[in-house]
Amino acid sequence: NSKVIQTPRYLVKGQGQKAKMRCIPEKGHPVVFWYQQNKNNEFKFLINFQNQEVLQQIDMTEKRFSAECPSNSPCSLEIQSSEAGDSALYLCASSPTYSGNTLYFGEGSRLIVV
Amino acid sequence: GMPVEQNPPALSLYEGADSGLRCNFSTTMKSVQWFQQNHRGRLITLFYLAQGTKENGRLKSTFNSKERYSTLHIKDAQLEDSGTYFCAAEGNSGTYQRFGTGTKLQVVP
């Protein structure tokens, strides 16, 4: 099954602190997606990349998150100033193509903002 | 309304029973993917469909783009089938996949 690796599995941050999560996509997958899953099981798309380029991102991500997928390094998603509402499971997925293909997910990074 | 509606939100089955989950789409979708989320949080891919029907062991999934729905059937439910199942669909304009809100399945002896 999926070989997407996400770290850390858990992180606990105070409000206002930065929270950084990393993702290593499957080898040979140039496309990476980040989703946020809240406690009500609602998934929110955050951002996607093809190689190092951002393809799409939502307004919240643009304003409050910093994300990148450098070549030869893990992708990362960082909340610049954590808020209580950011507590969620952050899921990374990779895919061989941008469209029309299976998404392979990691186990996620669970963020708790206290 | 929500682009992807998933039903039922919860389901309890006895071992050996059969049942189905359904996702309805508010617009025409290009493809659908079904996942089982395990207790660790990982989304395990069950099926990816651009059309038609696929089977894998006790599971079968159908995607009808024209009628705007997809189904997942579980036959002879086993205890290890317990978990939360999600569908996710990609719109025709090639945007990111949109998820349903899940079906929490509990299989009991």
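Everything numeric in this text was worked out from a predicted model, so none of it was measured.

Caption draft 1: Quick look at the overall build of chain A. When you go through chain A residue by residue, the secondary structure sums to 1 helix and 11 strands. Its helices and strands in sequence order give chain A the pattern β-β-β-β-β-β-α-β-β-β-β-β, from N to C terminus. Against the globule reference of 13 Å for 114 residues, chain A gives a C-alpha radius of gyration of 13 Å, in line with a compact fold. On the principal axes, the C-alpha backbone points of chain A span a range of 35 × 25 × 25 Å. When contacts within chain A are restricted to residue pairs at least 6 apart in sequence, long-range pairs at least 24 apart make up 53% of them. In the structure as shown, chain A presents an accessible area of about 5500 Å², 45% of it carried by carbon and sulfur atoms. For chain A, the distance from the average site of its 12 positive side-chain charges to the average site of its 10 negative ones is 6 Å.

Caption draft 2: Representation of the interface of chain A and chain B within the structure. Taken together, the contact between chain A and chain B spans 23 residues of the former and 21 residues of the latter. Across the interface of chain A and chain B, roughly 1900 Å² is buried in total on both sides, 50% from carbon and sulfur atoms. When the buried surface of chain A facing chain B is broken down by residue, Phe43(A), Phe105(A) and Glu107(A) rank first, second and third, together holding 26% of it. At the surface where chain A touches chain B, the tally comes to 2 salt bridges. For the salt bridge of Arg42(B) with Glu107(A), the shortest nitrogen-to-oxygen distance reads 3.9 Å.

Caption draft 3: Layout of the packing of aromatic side chains. Tallied over the entire structure, the rule returns 13 aromatic pairs over all chains. For the pair Tyr35(A) and Phe45(A), a centre-to-centre distance of 5.9 Å together with 75° between the ring planes defines the contact as edge-to-face. Of the two residues, Tyr35(A) is situated in strand S4 (residues 31–37) and Phe45(A) in strand S5 (residues 43–50); the sequence distance between them amounts to 10 residues. On the basis of relative accessibility, which here comes to 1%, the residue Tyr35(A) falls in the buried class. Ring plane angle 5° and centroid distance 3.8 Å describe the contact between Phe45(A) and Tyr96(B), whose orientation is recorded as stacked. Here the residue Phe45(A) occupies a position in strand S5, and Tyr96(B) occupies one in the loop between strand S9 (83–91) and strand S10 (97–99), the pair thus bridging two chains.

Caption draft 4: Representation of the pattern of salt bridges. All told, the structure shown has 7 salt bridges over all chains when counted by the stated rule. The shortest N-O distance in the salt bridge between Arg9(A) and Glu107(A) comes to 3.7 Å. With Arg9(A) in the loop between strand S1 (5–7) and strand S2 (10–13) and Glu107(A) in the loop between strand S10 (104–105) and strand S11 (109–113), this pair connects stretches of sequence that are 98 residues apart. Arg9(A) sits in the partly exposed class, given a relative accessible area of 22%. Between Asp81(B) and Arg58(B) there is a salt bridge, with its nearest N and O atoms 2.7 Å apart. Of this pair, Asp81(B) sits in the loop between strand S8 (69–74) and S9 while Arg58(B) is found in the loop between strand S6 (52–56) and strand S7 (59–64), placing the two residues 23 residues apart along the sequence. Judged by its relative accessible area of 27%, Arg58(B) is partly exposed.

Definitions and cut-offs
Residues numbered from 1 in each chain as written. Chains lettered and ligands numbered in written order. Predicted model: local features only at pLDDT ≥ 70, side-chain atom pairs only at ≥ 80, totals over all residues. Heavy atoms only, no water. Helix = DSSP H or I, 4+ residues; strand = E, 2+ residues; numbered from the N terminus. Rg over C-alpha atoms; globule rule 2.2 N^0.38 Å. Contact = heavy atoms within 4.5 Å. Areas by Shrake-Rupley, 256 points an atom, 1.4 Å probe, with all protein chains shown as cover. Lys, Arg positive; Asp, Glu negative; His and termini not counted. Charge placed at Lys NZ, Arg CZ, Asp CG, Glu CD. Buried area = accessible area lost by both parts, 1.4 Å probe. Salt bridge = Lys/Arg side-chain N within 4 Å of Asp/Glu carboxyl O. Phe/Tyr/Trp six-rings, centres within 6.5 Å; stacked < 30°, edge-to-face > 60°. Buried < 20%, exposed > 50% of the residue type's maximum accessible area, 1.4 Å probe, protein only.

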